[in-house]
Amino acid sequence: MAALQASGAISFQDIEEQYNPGSNLPSRALTEFYLGGSLVRANAGNNSATNMSAGVPASGAISFNDFYSKERAFRKTYSSTATNQSADTVFGDDFEVNYPKQIVVNGSVTVGSTSTSNPALKVESNGVGSITITNGGSIEGAGGAAGSAGGDALEVAGSVAVTLVNNGTIKAGGGGGGAGGAGGKGVFTANATFSSLVDQGGGGSSTPQNNKPSWLNSIYTSAGALDGAGVVADRQWGGINAQFSRGINPAQFDINHSGSAGAGFSGACANRGPIYISAQTDITGVYTISASISSQYGSGYGTPTISASTSTSSAGTSVSNSGTANITASTTTYFTAYGTSSNGKNYYYNTLSMSVSGTCLATSTGGSAGSGGVGQGYNQSAGSGSSGGSAGGTNAGAGGAGGAGGSFGSAGANGTNGADGSGSTVSFPASAPTNGSSASSGAASGKSIQGVSNVTSSGSGSLSGGTA
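In what follows, the accompanying structure is described. (Residues numbered from 1 in each chain as written. Predicted model: local features only at pLDDT ≥ 70, side-chain atom pairs only at ≥ 80, totals over all residues. Heavy atoms only, no water.)

## Brief notes about helix α1 (residues 12-19)
The α-helix advances 3.6 residues per turn, and as a result positions three or four apart in sequence lie on the same side. Here is the rule we go by: Exposure is judged per residue with a 1.4 Å probe applied to protein chains only, and the accessible area is read against the type maximum: over 50% gives exposed, under 20% gives buried, and values in between give partly exposed. Put simply, DSSP H or I for four residues or longer makes a helix, DSSP E for two residues or longer makes a strand, and each gets a number counted from the N terminus. Of all possible arcs, the one meant is that of the directions from the helix axis to the C-beta atoms.
Along α1, the residues that are buried comprise Phe12, Ile15, Glu16, Gln18 and Tyr19. One face of α1 carries all of its buried residues, which in axial projection span an arc of 160 degrees.

So this is what it looks like as C-alpha cells:
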C-alpha cells in the first residue's frame, strides 16, 4: 500500500486502512495508533531498517497531521555499495513479525556477493508478512572459481512471498572455465652417465677374493667351481683395472669412455669370475645389459648371464646373453656377470665379458594442464584460461589450455585436451607413452533468482542468468 498523503484532508479511515487494512472494524480512537503499539510498530532493537512511521507520537497528543506521508512498513534503502546482504539480519526480530518490509536498491548502487556460497541478497525462509524488493541498481552474484559454478544474485528461500519491482539488473555470477588436460608422457632415447663404479668382487695380489652376491652361492657350490680345476692352475681375481701379471687376471673396465654420456661401461675377466661390481646412473630408464663368454679353449663354459639388482641378496633382473633391465637413477645397482653350465662342469671361462649401455629408454613428462579462468561476478571480471604447459621432455605432449570464465549469467568455456605422448612403449617407471588427459567442462553460471516460484515480478529491468 502507498504511503498516506503528504498534505490536505486526511481521514480516520485513511489511517485505519493504512495500519489495519481490510479490518472492517468500527472507528477506533486515534490513540490506538500510537507508535509502538500493535498497529504502528516500533523497530525491534536489532532492526536496522527505517521505520516509515517515524514521527508518529508514542504517547500524549496525537493528530491526523502526524500521519502525513507515513506508511506501515520497515524499509531498508541501499544508497551505497553493500555485499552479502541478509533480510533476516537487516530486519532482525521484526523479520518474523507480520508487518510489511521493504528493500530498496537505489539507481547506480550495487548489492553484490563476495563468495559463491552466499547470494548477493537473501530473503530467508523464516520471514513473515509482505516483503517488497524494489531494485533500481544492480544485484550481482559472485563469479565462480576455475571449474566451479557461479553464485546466485537474489535468493528467496522457503515459501516466503516476495514482490519484486525490478527496474535495474539482476546478474548471476558467471561459471568458471574448465581446466585443460595434462599432456601425455613420452618416451625417448636418453644418454646416461654412470658413476660410483665399485669393485664388489674384491681382488688382491696373492689371495683370491672372488666375492660374490649371496644369491649366487646356490650356483657356485663345488669347491673348484671358480678355479677351472683340471684345466688350468688356480688364477686369482685381480680386481677392477689391476695391472695384469702372470697369475693375476683382472677385469678391465672402461666406464663412460672417459666420462662421455651415453657410453655406458663394459668389462672383461679372464679365466674365472663372476664379475661383480656396482654403479649408479643419473637417468631412470630401461637399459640394455649383456654378457658373453669366449670358449675357444674347450666346451662347458655355460651360458653367459648378467644380473642387475638393487640388493645383494636378490638376483633382480637376470638375462641370458642380452636383454633389458629397469634401472633407477641415483640408486646403487649391483651388476653380476657369470656363466650357467648345463653339463655340470666348473665355471671357468677363457674370457667373460659384460656390458651395460649408456643409452636407455626414458620417460618424459607431459605439459601441465592450463587452469580455467574465473567467472565474471561482483567486482570481478571474467578471466581468460591459462595456456597449458609445454611438453616436459622429448616426445611428451603439451598440456591443454584452460577455458575462459563466463560472463554474468553464462557458463565458463571448456578447456582443451592435452596432447598425446609418443615413442617406444615401456612399462618403467610407469607405462608410457600415454595419451593426454581430457579437459574439464566449464562450470554453470549461478541463478539470477533462486526461488523464483515465490516471487511476483514486474518492472522494466533485466535478468542475466537463469532462474530456478
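From this point, the narrative continues.
## Side note on the packing of aromatic side chains
To keep things clear, this is the line we draw: Centre distance within 6.5 Å is the pairing criterion for rings of Phe, Tyr and Trp, where only the six-membered ring of Trp is used; planes under 30 degrees apart are then read as stacked, over 60 as edge-to-face, and the remainder as tilted. Definition used: whenever NZ (Lys) or CZ (Arg) falls within 6 Å of the ring centre and also within 35 degrees of the ring normal, the charge is taken to sit over that ring.
Enumeration over the complete set of coordinates arrives at 11 aromatic pairs. When the ring of tryptophan 215 is compared with that of tyrosine 338, the centres are 5.7 Å apart and the planes differ by 65 degrees; the resulting orientation is edge-to-face. A residue pair is termed long-range when its members are at least 10 positions apart, and tryptophan 215 in the loop between β14 (194-199) and β15 (236-240) and tyrosine 338 in strand β23 (residues 333-340) qualify at 123 residues. Here the two residues tryptophan 215 and tyrosine 338 agree in accessibility, since each one is buried. Within the aromatic cluster, the residues linked to one another by ring pairs are Phe12, Tyr19, Phe33, Phe64 and Phe67. The side chain of lysine 76 reaches across the aromatic face of tyrosine 78, ending 5.2 Å from its centre.

## Concerning the pairing of strand β11 (residues 162-166)
We apply this condition: When DSSP locates at least two bridges between a pair of strands, those strands are taken to pair.
Burial along β11 is one-sided: Val162, Leu164 and Asn166 are buried, while Thr163 and Val165, pointing the other way, are not. The pairing of strand β8 (residues 131-135) with β11 spans 5 bridges and is classified as parallel. Looking at β11, one finds that isoleucine 131 is bridged to valine 162. When β11 meets strand β26 (residues 455-458), the two strands line up parallel, connected through 4 bridges. Bridging across to β26, leucine 164 finds its partner in serine 457.

## Remarks on the pairing of β23
Most of β23 sits inside the fold, with 7 of its 8 residues counted as buried. With 5 bridges connecting them, strand β18 (residues 275-281) and β23 associate as antiparallel partners. Residue isoleucine 275 lies in a different strand from β23, and its bridge partner there is alanine 337.

## Topic: the sheet that holds strand β12 (residues 169-171)
Note: strands within a sheet are paired through backbone hydrogen bonds, in either parallel or antiparallel orientation. Sheet architecture is open: 5 strands sit in the order β3-β6-β9-β12-β27, paired in parallel fashion. In this open sheet, the two edge strands, each paired with only one partner strand, are β3 (82-83) and β27 (462-464). The pairing of strand β6 (residues 110-112) with strand β9 (residues 138-140) spans 3 bridges and is parallel. Among the inter-strand pairings, glycine 112 is bridged to a residue of β9, identified as glutamate 140.

## A closer look at the pattern of salt bridges
For the record, the criterion: Salt bridges are identified by distance alone: a Lys or Arg side-chain nitrogen within 4 Å of an Asp or Glu carboxyl oxygen.
Per the stated rule, a full pass over the model turns up 3 salt bridges. The residue arginine 75 makes a salt bridge to glutamate 71 at a minimum N-O spacing of 3.2 Å. Taking the relative accessible area as the measure of exposure, arginine 75 reaches 24% and is therefore partly exposed. A residue is classified by how much of its surface remains accessible, and glutamate 71, at 8% relative accessible area, is buried.

## So, the environment of serine 386
Convention followed: For the purposes of these results, a polar contact is taken to be a pair of N or O atoms within 3.5 Å, where, inside protein, one atom must be able to donate a hydrogen and its partner to accept one; residues adjacent in sequence count only when each atom of the pair is a side-chain atom.
Position of serine 386 relative to the elements: it lies in the loop between β24 (349-364) and β25 (449-450). Judged by its relative accessible area of 32%, serine 386 falls in the partly exposed class. A polar contact of 2.7 Å, which involves the side chain of serine 386, links it to the backbone nitrogen of serine 371.

## A closer look at the sheet that holds strand β21 (residues 317-320)
The condition is simple: Under this scheme, a helix contributes an axis fitted over its contacting stretch, all axes are lines through C-alpha atoms, and angles between N-to-C directions fall in the 0 to 180 degree range.
Across the sheet, 5 strands lie side by side as β14-β18-β23-β20-β21; this open sheet has antiparallel pairing. Only two strands of the sheet have a single neighbouring strand rather than two, namely β14 and β21. Taking the axes of each pair of neighbouring strands and ignoring which way they run, one obtains an average angle of 25 degrees across the sheet.

## A short note on the nonpolar core
Here is the rule: Residue types Ala, Val, Leu, Ile, Met, Phe, Trp, Tyr and Cys, when buried and joined through side-chain atoms within 4.5 Å, form a set referred to as a nonpolar core. The contact definition used throughout considers only heavy atoms, calling two residues in contact when any of these lie within 4.5 Å.
Among the nonpolar cores identified, the biggest contains 42 residues, and Tyr19, Phe33, Phe67 and Val123 are the most heavily contacted of them. Those elements that provide at least two residues to this core are α1, β2 (74-78), α2 (87-91), β5 (101-105), β7 (121-123), β8, β10 (154-156) and β11. Leaving out residues up to four positions away in the same chain, valine 123 has contacts with Ala87, Phe95, Ile131, Ile133, Glu155, Val156, Ala157, Val160 and Val162. Within the second largest apolar cluster, 25 residues are counted, among which are Ala279, Ile283, Ile289 and Val356.

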